[in-house]
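Each chain, letter by letter, is given below.
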Amino acid sequence: MIKKMILCGLALSFLSSCVAVKEYEKVKINDPDMALSEKNVHRLEATFQSYREAASGANGGKTGGGCGCN
Amino acid sequence: MQLNKKNMKKLVSIPIMIFVTAMGFAQEKAQDSENTYKKRVLETAEVEFLASYYTQDGDNAAVTGGLGSEKLTDVTSTLIVSIPLNDDDVLTVDTGISAYTSASSSNINPFDGNKPADPFQASSGASASDVWANGVISYAHSSDDRNNIWSAKLSVSAEFDYYSLGLGGGYTKLFNEKNTELSVNANIYLDTWKAIYPIELRPSTNLGRYGTIWGNTNYNPIFTPFNSEGRNSYSAGFGFSQILSKRLQGALMVDFVNQQGLLSMPFQRVYFGDVANSFIENFQLADAIEQLPNNRTKLAVGGRMNYYINEIFVLRTYYRYYADDWGITSQTASIELPIKITDKFTLYPSYRFYNQTAANYFAPYEQHRSTEEFYTSDYDLSKYSASQYGFGITYTDIFTRAHIYKFGLKSLDLKFNQYERNSGLKASIVTAGLKFIMD
């Protein structure tokens, strides 16, 4: 698993060296549904997940603070 | 695989390698012209209103030692106001309030209802409901070429038995013609409990007032109040995103979190298998309260990959691996397929899978021994897998024709999610979001 993640990271890093999409070519990339962050409305859903599940983080959501005890 | 030093070292190396690689690009002279037209980071003030209605039910309430009603209802509303201070700076004020009623927390004192005390029956006392409120002020500054973004935030949240103060900051660097983005952020949360214990363990409680003890009439719980009620959380996050083609982009995220202090829930009961049971009415009196270590280190590594299939479909995927030093490992995978059915309406079917192993300190009802140092029967720390099915719809009007006062409606989101654990817990959540832009 760890090896796969490292390979994935390296692959993504190296791929970045050969790609430079110009601003005028980013019509599809700039589509709102292509955003790499979640919409704000998603965070209420993420909040309940962070309360009910042991795992959190690496999703742009809450990683600490708050009780989460209800 | 559990989180140990060896694995931690390997995983720490991921963001370092990415950072080193990316800094290579940074050496290249930025090709973005510094003389191009400087677009405002945020053209005009935006207001977003979010709301949710959440319900859950199950039979493994932690307040009653892993056996009892988990019925809970929560209503949350949030208002986010983003204000451009000038061409480069944006101030965001985020306030929210959440009100819940909970059968399990009502059983912190199960004897104040109208019916005989029972772990599967909600009581009606003060602990049956609570209100949580929070506020976050954040500030972001972008450089003239929009390739550097600095941010800082201050957060406060409070409920009856808990107070949290948070501070955070972040830096984002874009380069390679804005094809590559690196970010780093750090947050500190300084939290304080006002410990509320099960009614039968409070020194001031006269149990005879609530009824006669039956079963083991020589009731003698293990209980010492916590002498420290602080909880501090420190987190550091790293992000790397890359445009991989005109239709494909991805991101890697790593979060480290360390928590110190009171990590146990003071009102969660534990029942030992080697201690005779004592009851009042139908309610089993606590043998002890949850005891967990006062330190926890978490690591999460996540990745996103989004692909623009055509003018109708987009594929959004996400995967996360998580491990902590309490023995929990977890995997999360989700997929969403936005479908543009018209230029204004988009559908969002989604599926999310989650699983986790149990914490080293978890055991079900009556499975712990009184000689153990740490124990909990909180099923949120048990081994389980969960599926979440979602469906949403979004209305978008880029011309903001519908108005309320000086604000034009830009988008409206509505989403429903059904969440089911293989251990029995079921939950559903309806969320709504309205985004307005000031004229």
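Residues numbered from 1 in each chain as written. Chains lettered and ligands numbered in written order. Predicted model: local features only at pLDDT ≥ 70, side-chain atom pairs only at ≥ 80, totals over all residues.

Things to note about the overall build of chain B
The helix and strand inventory of chain B stands at 2 helices and 23 strands. Considering chain B as a whole, with its 439 residues, one finds that 39% of them fall into the buried category. Considering only intrachain contacts with a sequence separation of at least 6, the fraction spanning at least 24 residues in chain B is 65%. (Helix = DSSP H or I, 4+ residues; strand = E, 2+ residues; numbered from the N terminus. Buried ≥ 20, exposed ≤ 12 C-beta atoms within 10 Å, placed from the backbone. Contact = placed C-beta atoms within 7 Å.)

What about the pairing of strand β3 (residues 89-102) of chain B?
Residues and elements named next belong to chain B. By the bridge criterion, 13 bridges tie strand β2 (residues 72-84) to β3 in an arrangement that is antiparallel. Following the sheet pairing, Ile80 is matched in β3 by Asp94. Where β2 hands over to β3, the hairpin turn is made up of 4 residues, counted between the paired strands. (Pairing = 2+ DSSP bridges.)

Side note on the confidence of the model for chain B
Per-residue pLDDT for chain B has a mean of 91; in total, 92% of the residues score no lower than 70. Here the complex is predicted with pTM 0.87, and the ipTM for its interfaces comes to 0.84. (pLDDT = per-residue confidence, 0-100.)

Section: the sheet that holds strand β13 (residues 283-284) of chain B
Residue and element names in this part refer to chain B. Strand order in the open sheet formed by 3 strands is β8-β12-β13, and the pairing between neighbours is antiparallel. Looking along the sheet, the strands with just one partner apiece sit at the ends: β8 (213-215) and β13. By the bridge criterion, 2 bridges tie strand β12 (residues 278-280) to β13 in an arrangement that is antiparallel. Each residue of the ladder has a partner; that of Ile280, found in β13, is Phe283.

Section: the pairing of β2(B)
As defined by bridge partners, strand β1 (residues 46-57) of chain B adjoins β2(B) across 11 bridges and the pair is classed as antiparallel. Within β2(B), the position partnered with Glu48(B) by the bridge is Ile80(B).

Brief notes about the nonpolar core
Side chains of nonpolar character tend, in soluble globular proteins, to be buried together. Residue and element names in this part refer to chain B. Of all hydrophobic cores here, the largest spans 36 residues; its most connected members are Val270, Ala359 and Tyr361. Of all the elements in the fold, those that place two or more residues in this core are β9 (230-243), β10 (248-261), β14 (288-289), β15 (295-308) and β16 (314-324). The element best represented in this core is β10, accounting for 6 residues. With near-sequence residues (within four places) excluded, Val270 lies in contact with Gly65, Ala286, Asp287, Ala288, Ile289, Glu290, His368, Tyr375, Thr376 and Ser377. (Core = buried A, V, L, I, M, F, W, Y, C linked by C-beta atoms within 7 Å.)

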